[in-house]
Amino acid sequence: MPPAVARRAPYKDFLQPALQRRFASTTGVLLAIAYVESITLSKWDHIIWPWFPVGLPGLRTLTIFGSILPIIVLRIAHSHIGIRTSNSPFETFRQYAISFATLETIVTFAFSAWLFSQIYLFSTPADANLGWITYYSGDRARLNERALFYTVDIIILGIVQGVLHISLDYDRMLLGIVKPKGEGEENTQAASFLGGLPDWLPVLVVRAGMLSIAVSMANYIVLYHFLRRSAWSWTLSFFRIFYNLPKSNIPPSQAPWSIWMLGRSIWAGFLLCLLWYIGDMAFRLQLGKTPLKNNQPLSAESKDPNGSLLNGLKSKKPRIAAFAMWELALIARDFDVRRKAIFEDIDRKDGPMWSQIYVTCMSTIKAIEERIDNYGKPPAPPVAPAEAAPEQPPTRIVQPPKTDDVWASAPTRKGLRSSVGNLVSNVVTSPGKTPAQDWLPTAKKVAMHTTEHFLTQEQKEAFKPESVNSLALNLSSKVLTMPTIGPAFQQLFGRRLTTIVFGQPYGEISLYANAAYALSKLAVASLAEDQYGNVQRDVPAIVRTLTVVIKKLEKFRENLPMHWTDLQKNRECPEVDELLDSLKDGLNDLVAAFGQYAADLRLTRADMRLAKEAAAKKEKQPEALVEQPRPARARNGGAVEGEAQTQALVQTPEQPEMQQLR
């Protein structure tokens, strides 16, 4: 009996538990916020019971957390890596507006808002008169429009937040790009439990208040006037099942508008928005942590760490491949033992560990070159599967039966009678020209005559094709210059270049940047750590590939024309700049480390000269136009780690929570 082969654990077996622990950390933060909000809704008529967890405050905390739980499930289901890549915001809107994910997001936020509104109404004291049913005189039940007003306001807030969630792409996971360490800098350490969340709390509080005030004012002044009759009718129909309510669906003559109600609705909306925003930021900070556990790579727990890491690098799922590439870059920089193990692992089934890493990283970098080469070319037609040769029928001894149609009409006879019949039939069925053939020439002459005698010269010029095209172009230019509508249809240079380079529908920069860094760092470290000399055979190919990709990307960027809808005429593209910086850093390290061995590696002087030219960074010229702020990224391997990352986040308060509308 052959010995049992040890199962190589896939990389996802270590990544998924790590992500689940981070989800659990986020839910713990939300549970703490729910407890604080539960205390604010308590009636402070006692010293202990309004805040004691075992009691009504604890039960209210669980219900408030239950209202945010659908959003947590939604974030887990819809989280993705990479920025949206499209030529214009309108193209993005066309792709996502009618999708099931968009509808699910808006409905989930509206449902979460409705749950919170009912918890808030139930938690208010009786003297606030916010119950659904009230009794004005006697025992006759009446529907309380105050509760209806609050519920409608909170549901509208949920719909607005759902639209913002989709528009600003809150589901995106921000992954880090590994950069060289500075002098005296320690290795990458796991981020703290809260990360940079305390630093973001003031910003989140302000944003929650602004959104709640804006929606409450809009509902108070405009929206509730249009929704009042429908909302009253639907709510009345529901409560008639449980109460003896009037049969009339006409709302009361006096609507419950007051400053007191406006303040209550703003406060309730603020509490709900605070839960949403803190939950979103906690998700971003937790999911953007480095792929480490106990300050060791995630794959270190595997019985075959290199095999599990290799499984992640070859994964077809972008998220798993991106995290595995991030971990590989961290190993190449910070973990000497794991890096040496890569060079010493030469007895694998599909080849040495280094060779497989080399092929995976090179194919990732060459994907950029392939997209550039394929730009503007028609898509290749799908290859039709080869059809099997038809089987030859066996030889028949007797002739097969005839397959003629027995119901077919008899063949036409040739003779005098048939000839006369055909002549009469042609005369009857083809009496002459059609009406269009008779009247079309006359209509053209009348139209030309009218044009010559009744239209002025200016009117004749206006009807020419050139004038019509010019008029359409002028109208399009006016639409594009409108401050509210125009930007949605403009195909900016940066958006188009990002879409071409990174592909659609999403493009993750860290995947390519970390692949280039891992290759260059491992190659440089092989000078002292590669005992078998496997890496030096691939160094020339790495240098030439990075040189070609950098030069081709820079040339393509310079030659890509502006779209006619781009009114900004700005050729800046921060995403491509970040990618070029990473590629050039890796190539520069290779040139500096292997320059003296160029002849031994069969790198010609032309190869080294081109590599040095490609690795040189160009000084950025000052731009007159102010760029939109971009998502802040970590420089030391993590999305948000330590004080340096926190300071970077604080310097750009718009990010990483509020993404650019793509």
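As the structure is a prediction and not an experimental result, all values here were calculated from the model. (Residues numbered from 1 in each chain as written. Predicted model: local features only at pLDDT ≥ 70, side-chain atom pairs only at ≥ 80, totals over all residues. Heavy atoms only, no water.)

To continue, consider the overall build of the protein. If you tally the helices and strands in the protein, you get 22 helices and eight strands. Here the protein holds 662 residues, and 44% of them are scored as buried. A fraction of 82% describes how many contacts in the protein between residues 6 or more apart in sequence connect residues 24 or more apart. Put simply, the protein shows about 37500 Å² of open surface, and 61% of that area lies on carbon and sulfur atoms. (Helix = DSSP H or I, 4+ residues; strand = E, 2+ residues; numbered from the N terminus. Buried < 20%, exposed > 50% of the residue type's maximum accessible area, 1.4 Å probe, protein only. Contact = heavy atoms within 4.5 Å. Areas by Shrake-Rupley, 256 points an atom, 1.4 Å probe, with all protein chains shown as cover.)

To continue, consider the pattern of salt bridges. According to the stated counting rule, one finds 19 salt bridges in the structure shown. Taking the shortest distance from any N to any O, the salt bridge between Arg 348 and Asp 345 comes out at 2.7 Å. Assigned by exposure class, Arg 348 and Asp 345 land together as buried. The shortest N-O distance in the salt bridge between Lys 552 and Glu 369 comes to 3.0 Å. Of the two residues, Lys 552 is situated in helix 19 (residues 539-559) and Glu 369 in helix 11 (residues 353-374); the sequence distance between them amounts to 183 residues. Residue Lys 552 is classed as partly exposed on the basis of its relative accessible area of 26%. Here Glu 369 falls in the buried class, since its relative accessible area comes to 18%. In this structure, a network of salt bridges that share partners links the residues Arg 75, Asp 171, Asp 280 and Arg 284. (Salt bridge = Lys/Arg side-chain N within 4 Å of Asp/Glu carboxyl O.)

Before going further, it helps to examine unusual backbone geometry. A cis amide bond links Gln 504 with the next residue in sequence, Pro 505, at an omega value of 0°. Within the secondary structure layout, Pro 505 lies in the loop between helix 17 (493-502) and strand 8 (506-507). A positive phi is found at Lys 569, a non-glycine position, where the angle reads about 55°. By the secondary structure assignment, Lys 569 is in the loop between helix 19 and helix 20 (574-594).

Let us now look at helix 11. Taking 1.5 Å per residue, 22 residues should reach 32 Å; helix 11 reaches 31 Å between its end C-alpha atoms and fits that length. At Lys 366, helix 11 shows its maximal bend, which comes to roughly 25°. Just beyond helix 11, the residue with positive phi is Gly 376, at close to 85°. (Expected span 1.5 Å × (residues − 1). Bend = angle between axes of the 7 residues up to and from the residue.)

Contact geometry for helix 1 (residues 12-40) and helix 9 (residues 318-334): axes closest at 11 Å, N-to-C directions at 95°. Taken as axis vectors, helix 1 and helix 9 run roughly perpendicular relative to one another. Of helix 9, the residues touching helix 1 (which contributes Lys 12, Leu 15, Leu 19 and Arg 22) are Arg 319, Ile 320 and Phe 323. Class assignment for the residues of the contact of helix 1 with helix 9 results in four nonpolar, no polar and three charged. (Axes fitted to C-alpha atoms, helices over the stretch in contact; angles between N-to-C directions. Parallel < 35°, antiparallel > 145°, perpendicular 65-115°, else oblique. Nonpolar A, V, L, I, M, F, W, Y, C, P; charged D, E, K, R; others polar.)

Bringing the environment of Asp 538 into the picture now. Here Asp 538 is to be found in the loop between helix 18 (509-529) and helix 19. Exposure remark for Asp 538: the relative accessible area of 15% places this residue in the buried category. Spatially, the C-alpha atoms of Asp 538 and Leu 601 are 9.1 Å apart, while their sequence positions differ by 63 residues. Setting aside residues no more than four positions away along its own chain, Asp 538 makes contact with Trp 354 and Tyr 358. Here Trp 354 takes part through its side chain, which lies 2.8 Å from a polar atom of the side chain of Asp 538. (Polar contact = N/O pair within 3.5 Å; in protein donor to acceptor, adjacent residues only side chain to side chain.)

All right, on to a nonpolar patch on the surface then. Side chains of Trp 44, Ile 47, Ile 48, Trp 49, Trp 51, Phe 52 and Val 54 sit close together on the surface and give an oily, nonpolar patch of about 810 Å² of accessible area. Turning to its location among the elements, Trp 49 is positioned in the loop between helix 1 and helix 2 (56-78). On the accessibility criterion, Trp 49 (53% relative accessible area) is exposed. (Patch = residues over 30% accessible without salt bridge, like charges linked within 9 Å, V, L, I, M, F, W, Y side chains within 5 Å.)

Bringing the packing of aromatic side chains into the picture now. Across all of its chains, the model carries 16 aromatic pairs by this definition. For the pair Phe 239 and Tyr 243, a centre-to-centre distance of 6.3 Å together with 40° between the ring planes defines the contact as tilted. For Tyr 243, a relative accessible area of 35% puts it in the partly exposed group. What links up through ring pairs into an aromatic cluster is the set Trp 132, Phe 238, Phe 239, Phe 242 and Tyr 243. Positioned above the aromatic ring of Tyr 96 is the side chain of Arg 84, whose terminal nitrogen or guanidinium carbon lies 4.5 Å from the ring centre. (Phe/Tyr/Trp six-rings, centres within 6.5 Å; stacked < 30°, edge-to-face > 60°. Lys NZ or Arg CZ within 6 Å of the ring centre and 35° of its normal.)

Turning our eyes to something else, we now look at the nonpolar core. Of all hydrophobic cores here, the largest spans 147 residues; its most connected members are Trp 276, Leu 328, Ile 357, Leu 579 and Leu 587. Per element, the largest residue contribution to this core is 17 residues, and it comes from helix 7 (residues 259-287). Sequence-distant contacts of Trp 276, defined by excluding residues within four places in its chain, comprise Ile 68, Ile 71, Phe 109, Ser 112, Ala 113, Leu 157, Gly 158 and Gln 161. (Core = buried A, V, L, I, M, F, W, Y, C linked by side-chain atoms within 4.5 Å.)

Bringing the side chain of Glu 37 into the picture now. Relative to the helices and strands, Glu 37 resides in helix 1. When near neighbours in sequence (up to four residues on either side) are disregarded, Glu 37 contacts Ile 64, Phe 116, Leu 271, Leu 274 and Leu 275.

To continue, consider the packing of helix 5 (residues 145-167) against helix 7. At their nearest, the axes of helix 5 and helix 7 sit 10 Å apart, and the two run at 35° to each other. Considering only the axes of helix 5 and helix 7, their crossing is right-handed. Contact residues: helix 5 offers Arg 146, Phe 149, Tyr 150, Asp 153, Ile 154, Leu 157, Gly 158 and Gln 161, while helix 7 offers Trp 260, Met 261, Arg 264, Ser 265, Ala 268, Gly 269, Leu 272, Cys 273, Trp 276 and Tyr 277. Of the residues in the contact of helix 5 with helix 7, the class split is 11 nonpolar, four polar and three charged. (Left-handed = near helix turned anticlockwise from the far one by under 90°.)

The end-to-end C-alpha separation of helix 5 is 33 Å, in line with the 33 Å expected for 23 residues at 1.5 Å each. Among the residues of helix 5, the N-terminal cap falls to Asn 144, whose side-chain oxygen and the backbone nitrogen of Arg 146 are separated by 3.2 Å. Looking one or two places after helix 5, you find Asp 169, whose phi comes out positive at around 55°.

Considering the arrangement of structural elements, one finds Gln 118 in helix 4 (residues 100-123). The contacts of Gln 118, once residues within four sequence positions are left out, are Trp 132 and Thr 151.

Turning next to the environment of Trp 51. Mapped onto the elements, Trp 51 comes out in the loop between helix 1 and helix 2. Residue classification places Trp 51 among the partly exposed positions, given a relative accessible area of 36%. For the pair formed by Trp 51 and Ser 38, sequence separation is 13 residues and the distance between their alpha carbons is 8.3 Å. The contact partners of Trp 51, leaving out residues within four places of it in the chain, are Tyr 35, Ile 39, Trp 44 and Pro 57.

The predicted model of the protein averages 81 in pLDDT, with 76% of residues at 70 or higher. When mean pLDDT is compared element by element in the protein, helix 19 scores highest at 94, while helix 22 (residues 642-651) scores lowest at 35. (pLDDT = per-residue confidence, 0-100.)

Mapped onto the elements, Val 29 comes out in helix 1. Distance from Val 29 to Leu 275, taken between C-alpha atoms, is 9.8 Å for residues 246 residues apart in sequence.

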